[in-house]
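Results of the structural survey
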Amino acid sequence: VDKRSGKDVLTIINYNLCIGSNELINNINLKINYKDKICIIGDNGCGKSTLLKRILDNSCDNIKIGSSVKIGYIPQQINFDEDLTILDYARKYFNGEESHLRSALSKFQFYGENVFKKTSKLSGGEKVRLKLFTLIQDNCNFLILDEPTNHIDISTKETLEDALKEFEGTILFVSHDRYFINKLANKILYISNKAITEYCGNYDYFIEHRK
C-alpha cells in the first residue's frame, strides 16, 4: 500500500440497518481505525453482508468513510469482467517489468504455465487470490471481504492468510471460519438480537469473554 489512509477509516453513528421495514441491526455506533483487522460474526440473516454493502454504497450520512481511504472489495461471488489470461489481467494493475510481475504473482501461487489460464476457467480459490492480488496492486488500503474462505482449498487459505497478515492497511471481513478469524482478527463484531457487541481480541478471546 503506497498511500495509507488517515487514522479514522470508517465511522458509523446512530445507524439503523434495515431492509425495507425489516430492521436487522439497531443503532449501530462503530469506529474502525487504521490497521484494524475486524471480523463480523453472527447467525445467518443477521445483517452481516447487508452491513458490508451499505458501507460500500457510502450513500448515507450516518456512515462516514475517512480521508484517503481507498476500498477494495471481495464479494462472495467473484466475476471478472473480461476473459483474459491471469497474466494479462494482472498486468493491467501492475507497474513494472514482466519478470517482477511474474515474481509478484508467484507469491499468490500463480506460476509456470498456470499464468496463461483464462479468468473464466479459474476455481473459487484462484479467483480470490487473483482478486486480492489486483486490489493490493491497486493501492487499496481498506479491504472489505465477504466470506473470503468459502469454496477455497487449504493452500489458498494459507496464501490468503499470509497476504492479509502482511497487508499494511485495514481489513473488515465476514467469516465463519474460526481458524481463519483467529489468525487474522484483532477485533470481533458480534451481531446478536439486533445489536453489535465489540470484542477486542481474536475468536478465542470472543468465546472466552462472550456475554
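A short tour of the structure in this document, coming up. The model shown is predicted, which means the values in this text are computed figures rather than measured ones.

The next thing to look at is the packing of helix α4 (residues 124–137) against helix α5 (residues 154–166). In the contact formed by α4 and α5, the axes pass within 10 Å of each other and the chain directions differ by 15°. Accordingly, the angle class assigned to the pair α4 and α5 is roughly parallel. The element α4 and its partner α5 pack so that their crossing is left-handed. Two secondary-structure elements touch here, α4 through Gly125, Val128, Arg129 and Leu132 and α5 through Thr156, Thr159, Leu160, Ala163 and Leu164. Classifying every residue of the contact of α4 with α5 gives five nonpolar, three polar and one charged.

What follows deals with the side chain of lysine 157. Residue position: lysine 157 is located in helix α5. Once residues within four sequence positions are removed from consideration, lysine 157 is found in contact with Thr149, Ile152, Asp177 and Phe180.

With respect to burial, strand β7 (residues 170–174) is a largely interior element, five of its five residues being buried. Alternating residues of β7 divide into Thr170, Leu172 and Val174 and Ile171 and Phe173, and every residue in both groups is buried. As paired strands, strand β3 (residues 37–42) and β7 are joined by four bridges and run parallel to one another. Paired with cysteine 39 across the strands is phenylalanine 173, a residue of β7.

This paragraph deals with the nonpolar core. If you look at the biggest cluster of nonpolar residues, it comprises 41 residues, and the most contacted ones within it are Leu105, Leu143, Leu164 and Phe173. The dominant element in this core, judged by the number of residues it contributes, is α4, at five residues. Once you skip the residues sitting within four places of it in the chain, leucine 164 turns out to touch Lys37, Leu132, Leu143, Leu145, Ile171, Phe180 and Leu184. With 24 residues, the next largest nonpolar core counts Leu10, Ile38, Val69 and Phe142 among its residues.

Spatially, β5-β6-β7-β3-β8-β9 is the arrangement adopted by the six strands of the open sheet, whose pairing is mixed. Of all strands in the sheet, those bounded by a partner on one side alone are β5 (71–74) and β9 (195–199). Averaged over all adjacent pairs, the angle separating strand axes in this sheet is 15°, with direction ignored. Direction of pairing for β3 relative to strand β8 (residues 187–192): parallel, over a ladder of five bridges. Each bridged residue has a counterpart across the sheet, and for isoleucine 41 the counterpart in β8 is tyrosine 190.

Criteria and cut-off values
- Residues numbered from 1 in each chain as written.
- Predicted model: local features only at pLDDT ≥ 70, side-chain atom pairs only at ≥ 80, totals over all residues.
- Heavy atoms only, no water.
- Axes fitted to C-alpha atoms, helices over the stretch in contact; angles between N-to-C directions.
- Helix = DSSP H or I, 4+ residues; strand = E, 2+ residues; numbered from the N terminus.
- Parallel < 35°, antiparallel > 145°, perpendicular 65-115°, else oblique.
- Left-handed = near helix turned anticlockwise from the far one by under 90°.
- Contact = heavy atoms within 4.5 Å.
- Nonpolar A, V, L, I, M, F, W, Y, C, P; charged D, E, K, R; others polar.
- Buried < 20%, exposed > 50% of the residue type's maximum accessible area, 1.4 Å probe, protein only.
- Pairing = 2+ DSSP bridges.
- Core = buried A, V, L, I, M, F, W, Y, C linked by side-chain atoms within 4.5 Å.

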